[in-house]
Amino acid sequence: MRVDVVSIFPEYLAPLELSLIGKARQDGLLDLHVHDLRAFTTDRHRTVDDTPYGGGAGMVMKAEPWAQALSSIAEKRPEGPGKPVLIVPSPAGERFTQALAYELAEEKHLAFACGRYEGIDERVIEWAHEHFTVRPVSLGDYVLNGGEVAVLAMVEAIGRLLPGVVGNPESLVEESHSDGLLEYPVYTKPSVWREREVPPVLLSGNHGKIAQWRRHEQFRRTAERRPDLLEAFDAGKLPRADRTALQDLGYVVVNGRLQPRPARPEEQQD
Ligand code: SAM
């Protein structure tokens, strides 16, 4: 996969030289290029921003340096059909999820446009559709100072899904969000630490029981921390053991979806 990142702070992307992503670059699995937006300016001050039309606080990123930078990137598209995908980090974009990471990991060429100040002149986003499939993407419902932190997170989440990047691909399968649930808790040696024991089932060697315990813990943790995920979970074809575990947690399956079970008469409070 080829990845191009444009930023006015290219040094901000230095962590992409480290750890598994850095190694993936060295191994030729990820062809990542970081570009300085100011290199695409033509004035003496290398200006990338100006005041907003209509007034208001802050500055807006000028269109032309972006058009120059993105045109040069579009020309670098590796052979193959379709357009490169341009991710525009923005708190006003669609939410970045594990499902989107999987989708983007299938692409041959991704470009990221790191905004700063109040963002990029909107005409750049309209124009970019000629050369890219454009996707404004948000890391979450909060506002960062710039797109760089969002790009670090997205490139790591996408890059680790590329074949060969994570040594044992099995470890991707049971992770949080891979199947719409959070991951079960994990433990390592020693089996007793500061008087706290590892759940005995994990020491039993009984793989069936361990799998069942882990599944139950996934449901318990998701119900406790992210009930919104449980309610979106496809529960149409759940085995009986899962249904029982969910009933114990206060959920029932209605039309393939999980819903909090109505309180039983003995549980109702006056
Ligand atoms: N005025 C913009 C708004 O309210 O939508 C926010 C601009 S923000 C200060 C500057 C840049 O940070 C954005 O252009 C975007 O690149 C990045 N950014 C901020 N929050 C983000 C988020 N939640 N997800 C992704 N990128 C974000």
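Up top you'll find the structure we're talking about.
Residues numbered from 1 in each chain as written. Predicted model: local features only at pLDDT ≥ 70, side-chain atom pairs only at ≥ 80, totals over all residues. Heavy atoms only, no water.

Quick notes on the site of the ligand
And step 1. Taken together, 18 residues are adjacent to the ligand, and Pro89, Glu118, Leu139, Tyr142 and Leu144 come closest.
And step 2. Note that an oxygen atom of the ligand is positioned 3.3 Å from one of the backbone N or O atoms of Gly115.
And step 3. The separation between an oxygen atom of the ligand and a polar main-chain atom of Gly146 is 3.3 Å.
And step 4. Its free accessible area being 580 Å², the ligand has 81% of it covered by the protein chains.
And step 5. Mapped by element, the contributors of at least two residues to the shell around the ligand are strand E5 (85–95) and strand E7 (133–138).
And step 6. The greatest single-element share of the shell around the ligand, amounting to three residues, is contributed by E5.
And step 7. Split into classes, the residues belonging to the shell around the ligand amount to nine nonpolar, eight polar and one charged. (Near = heavy atom within 4 Å. Polar contact = N/O pair within 3.5 Å; in protein donor to acceptor, adjacent residues only side chain to side chain. Areas by Shrake-Rupley, 256 points an atom, 1.4 Å probe, with all protein chains shown as cover. Helix = DSSP H or I, 4+ residues; strand = E, 2+ residues; numbered from the N terminus. Nonpolar A, V, L, I, M, F, W, Y, C, P; charged D, E, K, R; others polar.)

Notes on the sheet that holds strand E6 (residues 109–113)
And step 1. Strand order across the open sheet formed by five strands is E2-E1-E6-E5-E7, with parallel pairing between neighbours. Looking at strand neighbours, the two that pair on one side only are strand E2 (31–36) and E7, the edges of this open sheet. Across the sheet, the mean angle from the axis of one strand to that of its neighbour is 30°, orientation sign disregarded.
And step 2. As paired elements, E5 and E7 share seven bridges and run parallel to each other. By the bridge assignment for E7, Ile87 is matched with Arg135.
And step 3. Packing of helix H2 (residues 63–74) onto the sheet brings it into contact with strand E1 (2–7), E2, E5 and E6, and relative to E1 it is tilted by some 170°. (Pairing = 2+ DSSP bridges. Axes fitted to C-alpha atoms, helices over the stretch in contact; angles between N-to-C directions. Contact = heavy atoms within 4.5 Å.)

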